[in-house]
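# Architecture at a glance
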Amino acid sequence: MTTTSKTAAVGPPASGRTPTRRRVHRAWFVAAVTFVTIIGAAAFRAVPGLFIDPLNEEFGWSRGTIGAAVSLNLALYGLTAPFAAALMDRYGIRRVVAVALTVIAAGSGATVWMNAAWQLMLCWGLLVGLGSGSMALAFAATVTNRWFTERRGLVSGILTAASASGQLIFLPLLSWIVDRYSWRPAAVTVALAALAVVPFVWLLLHDHPADVGQKPYGAKEFVPKPAPVPGAARRALTVLGSAARTGPFWLLAGTFAICGASTNGLIQTHFVPASHDHGMPITTAASLLAVIGVFDVVGTVASGWFTDRFDARRLLAVYYALRGVSLLFLPLLLAPSVHPPMLLFIVFYGLDWVATVPPTLALCREHYGDDSPIVFGWVLASHQVGAAIVAFAGGLARDAFGSYDVVWLASGALCAAAALMALVIRKRPAVLTAS
């Protein structure tokens with residue numbers, strides 16, 4: 001056993017004999033740890049919509065001001081992602097993710113002492129934005145690319161669904177805490193949740209299959225661990241420069257920007273306060289968002305399965321078209337209590353929430369190969385920039401018009417445009433030129 005262990009640490013097993021008992025591949029354990037990690041970090045995503053009304057009431061800050069902090073958070077979440085993917089290549093997944101979780105905990109915990117809007121921008125906008133950006137979907141993309149050559153669509157769907165699962169777990173809890181004890185205990189809960197995951201990451205998350213002497217799942221040959229890549233920031237920018245010279249990149253970035261605008265920026269940030277405007281209790285509105293999380297898990301995993309079997313471009317077109325139609329009906333559904341048409345919207349929107357991620361990841365892999373995690377990081381940056389714009393614009397619209405109706409309708413129209421853009425993406429892989 002000792003000899004086998006030493007061999008596994010440096011390369012593939014020397015023996016070619018078939019084992020008598022089939023073991024679960026280590027890649028699935030790594031995926032499970034990644035799933036738990038993303039769930040633990042997802043608490044911060046459940047908070048912005050819950051804090052808008054309490055902060056407005058306690059400090060008198062306008063929804064536009066609070067929306068600006070959320071906007072900074074969402075923008076940094078996206079803009080940090082491509083650099084985080086490159087840092088993972090340089091320093092390893094485990095180190096980058098552990099530091100990111102610690103930064104999230106520090107930023108969220110520090111908000112309990114704030115008394116000025118600039119402190120909200122610093123703690124929740126800057127620190128949590130930077131930390132969460134390093135825990136973005138580029139993390140899931142890197143794990144999927146390193147540990148799997150088969151079932152990538154399914155795995156990316158499962159890991160994407162982890163954020164929804166975290167939202168499902170934390171939204172009802174945090175809304176209850178905000179309603180009963182105010183927002184500060186909820187902020188502390190987010191900090192503790194992020195810290196609680198750090199030991200799992202440090203002890204159980206391996207950077208590469210070669211670290212444990214295994215092939216990636218589904219691979220025919222052993223894949224040596226690549227040497228650390230220096231110049232993480234330079235590489236991220238170089239990959240961006242190469243990808244930006246290809247048409248598929250701009251179409252993927254454009255569609256994903258609209259995806260972010262219509263999910264994180266719109267529903268996640270403004271659904272709770274918009275429902276509260278119509279007389280619905282905050283806890284009830286938060287519970288509806290949690291139900292979105294339930295069906296998001298189903299929709300995203302199913303989307304991963306579909307992505308392994310169908311044209312990713314057509315899947316994206318269907319997802320965006322259906323999302324746009326549902327948003328056009330939302331202003332008619334908001335009411336003091338929950339009626340069956342609202343439940344239908346919640347189920348429908350949940351199934352479609354981040355179902356766009358597996359086909360978008362697949363198209364990045366198809367067009368950009370080994371650079372796809374970093375390219376996807378930049379595509380994710382556009383997702384979060386779109387979310388940031390709508391998070392801020394939604395607050396301004398509410399201050400100016402007294403309702404969110406114009407924002408729902410405009411987002412529905414944008415989703416229709418995204419459906420058309422997805423169909424324009426060409427199928428032939430783009431070849432990146434050397435910079």
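A brief structural summary. Just so it is clear, the structure is predicted and the values come from calculations on it, not from any experiment. (Residues numbered from 1 in each chain as written. Predicted model: local features only at pLDDT ≥ 70, side-chain atom pairs only at ≥ 80, totals over all residues. Heavy atoms only, no water.)

Okay, the overall build of the protein chain next. Along the backbone of the protein chain there are 18 helices and zero strands. Taking the intrachain contacts of the protein chain between residues at least 6 apart in sequence as the baseline, contacts between residues at least 24 apart amount to 84%. Here the protein chain displays about 17,800 Å² of accessible surface, and carbon together with sulfur accounts for 67% of that area. (Helix = DSSP H or I, 4+ residues; strand = E, 2+ residues; numbered from the N terminus. Contact = heavy atoms within 4.5 Å. Areas by Shrake-Rupley, 256 points an atom, 1.4 Å probe, with all protein chains shown as cover.)

It is worth spelling out the environment of Thr 102 at this point. Among the structural elements, Thr 102 can be located in helix H5 (residues 93–110). For Thr 102 and Val 198, which are 96 residues apart along the polypeptide, the C-alpha to C-alpha distance reads 7.7 Å.

As a further point, take the packing of helix H11 (residues 247–262) against helix H12 (residues 264–277). At a minimum axis distance of 3 Å, the contact between H11 and H12 shows a crossing angle of 5°. As summarised for this structure, H11 and H12 are arranged roughly parallel, according to the angle between their axes. Contacts between H11 and H12 involve Gly 260, Ala 261 and Ser 262 from the first element and Asn 264, Gly 265, Leu 266 and Ile 267 from the second. Here the residues of the contact of H11 with H12 are counted per class, giving three nonpolar, four polar and no charged. (Axes fitted to C-alpha atoms, helices over the stretch in contact; angles between N-to-C directions. Parallel < 35°, antiparallel > 145°, perpendicular 65-115°, else oblique. Nonpolar A, V, L, I, M, F, W, Y, C, P; charged D, E, K, R; others polar.)

A few words on unusual backbone geometry. Phi at Ser 182 takes a positive value of approximately 85°, unusual for a residue other than glycine. Along the polypeptide, Ser 182 turns up in the loop between helix H8 (152–181) and helix H9 (183–204).

A cluster of nonpolar side chains, contributed by Val 325, Leu 328, Phe 329, Leu 332 and Leu 409, occupies part of the molecular surface with about 510 Å² of accessible area. With respect to the secondary-structure elements, Leu 409 resides in helix H18 (residues 405–424). For Leu 409, a relative accessible area of 43% puts it in the partly exposed group. (Patch = residues over 30% accessible without salt bridge, like charges linked within 9 Å, V, L, I, M, F, W, Y side chains within 5 Å. Salt bridge = Lys/Arg side-chain N within 4 Å of Asp/Glu carboxyl O. Buried < 20%, exposed > 50% of the residue type's maximum accessible area, 1.4 Å probe, protein only.)

What follows deals with the side chain of Ser 303. Structurally, Ser 303 can be placed in helix H13 (residues 282–307). Excluding residues that lie within four positions of it along the chain, Ser 303 makes contacts with Tyr 319, Ala 355, Pro 358 and Pro 359.

This next bit is on the pattern of salt bridges. Enumeration over the complete set of coordinates arrives at five salt bridges. In the salt-bridge network here, residues are joined through shared partners; they are Asp 311, Arg 313 and Arg 314.

Further remarks concern H5. Its 18 residues place the ends of H5 26 Å apart at the C-alpha level, agreeing with the 26 Å of an ideal helix rising 1.5 Å per residue. Regarding H5, the residues found buried are Ile 93, Val 96, Val 97, Ala 98, Ala 100, Leu 101, Ile 104, Ala 105, Gly 107, Ser 108 and Gly 109. (Expected span 1.5 Å × (residues − 1).)

Attention shifts here to the packing of aromatic side chains. Tallying each qualifying case throughout the model produces 12 aromatic pairs. A centroid spacing of 5.6 Å and a plane angle of 70° characterise the contact between Trp 305 and Phe 306, whose relative ring orientation is edge-to-face. Classification of Trp 305 by relative accessible area gives partly exposed; the value is 42%. Seen in terms of ring centroids, Phe 345 and Tyr 349 are 5.2 Å apart; in terms of plane orientation they differ by 25°. Their pairing is stacked. Pair noted here: Phe 345 and Tyr 349 are both in helix H15 (residues 340–352), with a separation of four residues, about one helical turn. Here Phe 345 and Tyr 349 have matching classes, each one buried. One aromatic cluster is present, built from ring pairs that chain together Phe 51, Phe 59, Trp 61, Trp 124 and Trp 183. For the cation-ring pair, Arg 94 lies above Trp 202, with the distance from its terminal atom to the ring centre recorded as 4.9 Å. (Phe/Tyr/Trp six-rings, centres within 6.5 Å; stacked < 30°, edge-to-face > 60°. Lys NZ or Arg CZ within 6 Å of the ring centre and 35° of its normal.)

Here we take up the packing of H5 against H9. Pairs of packed helices are described in terms of their axes, by the angle between the two and the distance that separates them. In contact at an axis separation of 8 Å, H5 and H9 are set at 165° when each is read in the N-to-C sense. Taken together, H5 and H9 sit at an angle that is classed as roughly antiparallel. H5 and H9 meet at a crossing whose hand is left-handed. The segment H5 lies against H9, with Arg 94, Arg 95, Val 97, Ala 98, Leu 101, Thr 102, Ile 104, Ala 105, Ser 108 and Gly 109 engaging Ala 187, Val 190, Ala 191, Ala 194, Leu 195, Val 197, Val 198, Val 201 and Trp 202. Within the contact of H5 with H9, the residues separate by chemical class into 14 nonpolar, three polar and two charged. (Left-handed = near helix turned anticlockwise from the far one by under 90°.)

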